Amino acid sequence: MPRIKKLIQLKYFSSLFEIMRKTSRKLPYLRLKFSHGIPAPTQFKFLKNSSFTDEVSNQTLVFHLEGALLKAYSLFPYFMLVAFEAGGLFRALILLLLYPLVWLLGHELGLKVMVFVSFVGIKKEKFRAGTAILPKFFLEDVGVVGFDMVMKYKTKVAVTSMPRIMVECFLGDYLGIHVVIGKELKEFHGYFLGLMEENMDPATMCINNIGLGCFRNSHYQKIFSRCKEIYLVTEAEKKKWPVLPRKKSLKPLIFHDGRLAFRPTPLNTLSMFIWLPFGFLLHITRIMVFISLPFKVSGPLLAFSGMINTVSNSNVESSGEGKKRGMLYVCNHRTLLDPIYLTVVMMKSVSAVTYSVSRFSEVISPIKTVRLTRDRKTDEETMKKMLSEGDLVVCPEGTTCREPYLLRFSPLFAEITDDIVPVAIKLQVSLFYGSTASGQKCLDSAFHLTNPNPTCLIMILNKLPGWQTHNTGGKSKFEVANYVQGQIATALGFECTNLTRKDKYAILAGNDGIL
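Per an unreviewed UniProt entry, the protein goes by the name Phospholipid/glycerol acyltransferase domain-containing protein and belongs to Gossypium gossypioides. Database annotation for the protein, UniProt heading Subcellular location (unreviewed entry): "Membrane". Turning to the protein, the UniProt record has this under Sequence similarities (unreviewed entry): "Belongs to the GPAT/DAPAT family."

Colleague: Any chance you could explain the packing of helix 4 (residues 89–97) against helix 5 (residues 99–119) here in plain terms?
Modeller: Packed helices, taken two at a time, are described by the angle their axes make and the gap between the axes. Packing of helix 4 against helix 5 leaves a shortest axis separation of 10 Å and a crossing angle of 165°. Taken together, the axes of helix 4 and helix 5 lie roughly antiparallel to each other. You can see that helix 4 and helix 5 cross each other, and the crossing is right-handed. For the pair helix 4 and helix 5, contact is made by Arg91, Ile94, Leu95, Leu96 and Leu97 and by Tyr99, Pro100, Met114, Val117, Ser118 and Phe119, respectively. Looking at the contact of helix 4 with helix 5, its residues break down into nine nonpolar, one polar and one charged.

Colleague: Looking at this model, I keep getting lost on the packing of aromatic side chains. Mind explaining?
Modeller: The geometry of two aromatic rings is summed up by the distance between their centres and the angle between their planes. Tallied over the entire structure, the rule returns eight aromatic pairs. Ring geometry for Phe76 and Tyr99: centres 5.0 Å apart, planes at 70°, overall edge-to-face. Here Phe76 is found in helix 3 (residues 76–87), whereas its partner Tyr99 is found in helix 5, with 23 residues between them in sequence. According to the relative accessible area criterion, Phe76 is buried, its value standing at 1%. Taking 6.1 Å as the distance between ring centres and 90° as the angle between the ring planes, the aromatic pair formed by Phe127 and Phe192 counts as edge-to-face. Here Phe192 lies in strand 7 (residues 191–196) and Phe127 lies in the loop between helix 5 and helix 6 (129–132), a separation of 65 residues in the sequence. Judged on exposure class, the residue Phe127 and its partner Phe192 are both buried. Lying across the ring of Tyr174, Lys251 places its NZ or CZ 5.2 Å from the centre. For Arg402, the ring lying beneath its charged end belongs to Tyr433, and the centroid distance is 3.9 Å.

Colleague: Even after reading the chapter, I still don't get unusual backbone geometry, so can you show me in this structure?
Modeller: Backbone geometry follows two general trends: most residues other than glycine have a negative phi, and most peptide bonds adopt the trans configuration. One non-glycine residue, His189, adopts positive backbone phi at about 55°. Tracing the chain through its elements places His189 in the loop between strand 6 (185–188) and strand 7.

Colleague: Help me understand the sheet that holds strand 16 (residues 420–428) in this model?
Modeller: Either a parallel or an antiparallel arrangement is found when strands of a sheet pair, and the pairing is made through backbone hydrogen bonds. Across the sheet, which stays open at both edges, the seven strands sit in the order 10-17-16-11-14-12-13 with mixed pairing between neighbours. The sheet is open, and its two edges are formed by strand 10 (308–312) and strand 13 (369–371), each paired on a single side. Along the sheet, successive strands turn relative to each other by an average axial angle of 25°, direction set aside. By the bridge criterion, three bridges tie strand 11 (residues 328–331) to strand 14 (residues 392–394) in an arrangement that is parallel. Pairing of Val330 across the sheet is with Val394, part of strand 14. Against the sheet, helix 19 (residues 477–492) touches strand 11, strand 16 and strand 17 (455–460), its axis set at about 40° to strand 16.

What counts, and at which threshold
Residues numbered from 1 in each chain as written. Predicted model: local features only at pLDDT ≥ 70, side-chain atom pairs only at ≥ 80, totals over all residues. Heavy atoms only, no water. UniProt positions renumbered as here; feature names shortened; annotations may be inferred. Axes fitted to C-alpha atoms, helices over the stretch in contact; angles between N-to-C directions. Helix = DSSP H or I, 4+ residues; strand = E, 2+ residues; numbered from the N terminus. Parallel < 35°, antiparallel > 145°, perpendicular 65-115°, else oblique. Left-handed = near helix turned anticlockwise from the far one by under 90°. Contact = heavy atoms within 4.5 Å. Nonpolar A, V, L, I, M, F, W, Y, C, P; charged D, E, K, R; others polar. Phe/Tyr/Trp six-rings, centres within 6.5 Å; stacked < 30°, edge-to-face > 60°. Buried < 20%, exposed > 50% of the residue type's maximum accessible area, 1.4 Å probe, protein only. Lys NZ or Arg CZ within 6 Å of the ring centre and 35° of its normal. Pairing = 2+ DSSP bridges.

The structure is reproduced here in structure tokens:
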């Protein structure tokens, strides 16, 4: 009899959940009450979004990251980022080929396959994807409705299906959530084995929490069984959520690393691998055009190949007859090729000073480049010598920044000359970023030129008036640097910061950025 009774109860609850599943497609939130920590629903009703936290905002919220906060259901893009950025192109190809198997195996087994392929053999101390790469893509997938629900709680606990090392930096730095429950990765002599610990101990969590998850996800029942109430959101409703505006996160995303500039869904990743052979040939062709042909010829040919260069407010200053020194063009820094882009649109050769550029990039550069030493006196003499020979391009940020921010300008250029022309550069790419903080810098130009249609907008601004210069106008070098930074930021619609090259490399690579 007890066995028969148990079967009847099981059948009843299965039918009940099936009714709830069908009904939930039309209604956004489902509330379930649990009794004494036993996951058997005794009462449920649908609630509107506005009533979600009115009566329970002073309690602890336990939410499932993938179910309650992220809009996309598939975790494949995040593991592809790990596989490509930390493991390389071949590992990413293996993961893509295994995607049909991952899809057929379902969530639990498919997750284990993705974890194994992405992490096995990766050195733990060199793994930077969780801090430098993934936060950008997580932020672009956060739904604003889920974010608002989570943020209304003072005490929040995040539960994730992914390894904890992938999400803890994003949750802590950008959402202020420092309690993360996720599986740890097993390791051997400092290398990941591609396996996760099977159990997560929820004993530290208090009882009578509020739970928030997705109706489609039924993971971590032991943890959610400790909640007295659980709210569930449907996949259909999550798709309607607007993406979280960047300004609503706890801190702005200014720095991020990695080569991939797109969200690597299975279809997008397949498109990338199909494009790569053509992109490689295109990259070689573009380099040959850069090096071998004059600028008046190379410009139209590069535009025909898909490189779109646009010049706005063109006001190319001439050093003038009788002048012994060239013009100093001061640019914001978006990619290694910034001086070359400027050279192409001005149709005249200029020289450039660089900080950390690979020897290979120096060899293939169609313009003269001189490496700075970071010794102020030596670099000042170098720049003066180059200006005596002609026009010079300098990027006083000292490193690239991908987001709409300008790093603090080094004031050294203000002491060199008063003939200063600010240049604002805006760059867009579709596949790969042509800069890196922790990768191989010798591949920067290759990745950038492999993009199908990299677009560069160059705004040549007015020459600095004499009263705004250091030598003639009596302004301090810092005032001049800040003024130029402000002019470029205004032209681009960017925001000025006091962050420096050292800040960027400390965050993304864990070093000071000096090669």
